[in-house]
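One-letter residues, chain by chain:
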Amino acid sequence: MDNNLTVTKISWQKVAERVSKLTGKTYSAQYIREVAIGYRTNKQLQPILQDLGLAKKEVA
């Protein structure tokens, strides 16, 4: 089976544009990706990325 049939690629640039529009601040695609994967933290962006289905839920 070809793995390319089941792979979804995220356009972090498009995500950054959407998040920037929602927040009114400009964010880079790299920064948004790092927040989404948990490498960086941002309490304002985390809920937005969770709503978009791109970030893991926080574990308390």
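Here's what I pulled together on the structure shown here. (Residues numbered from 1 in each chain as written. Predicted model: local features only at pLDDT ≥ 70, side-chain atom pairs only at ≥ 80, totals over all residues. Heavy atoms only, no water.)

Moving on, we get to the pattern of salt bridges. One pass over the structure, following the stated rule, counts one salt bridge. The shortest N-O distance in the salt bridge between Glu 34 and Arg 40 comes to 2.4 Å. When its relative accessible area of 11% is taken as the criterion, Glu 34 is described as buried. (Salt bridge = Lys/Arg side-chain N within 4 Å of Asp/Glu carboxyl O. Buried < 20%, exposed > 50% of the residue type's maximum accessible area, 1.4 Å probe, protein only.)

Moving on: the environment of Ile 48. Along the polypeptide, Ile 48 turns up in helix H3 (residues 45-51). A sequence separation of 30 residues divides Ile 48 from Arg 18, and the C-alpha atoms of the two residues are 9.9 Å apart. Each residue touching Ile 48, except ones within four places of it in the same chain, is listed here: Val 19, Leu 22 and Thr 23. (Helix = DSSP H or I, 4+ residues; strand = E, 2+ residues; numbered from the N terminus. Contact = heavy atoms within 4.5 Å.)

Within the structure shown, the criterion is met by one aromatic pair. With centroids separated by 5.8 Å and ring planes inclined at 10°, the aromatic side chains of Tyr 27 and Tyr 31 adopt a geometry described as stacked. Assessed through its relative accessible area of 13%, Tyr 27 is described here as buried. (Phe/Tyr/Trp six-rings, centres within 6.5 Å; stacked < 30°, edge-to-face > 60°.)

That's the geometry; what it means functionally is another story.
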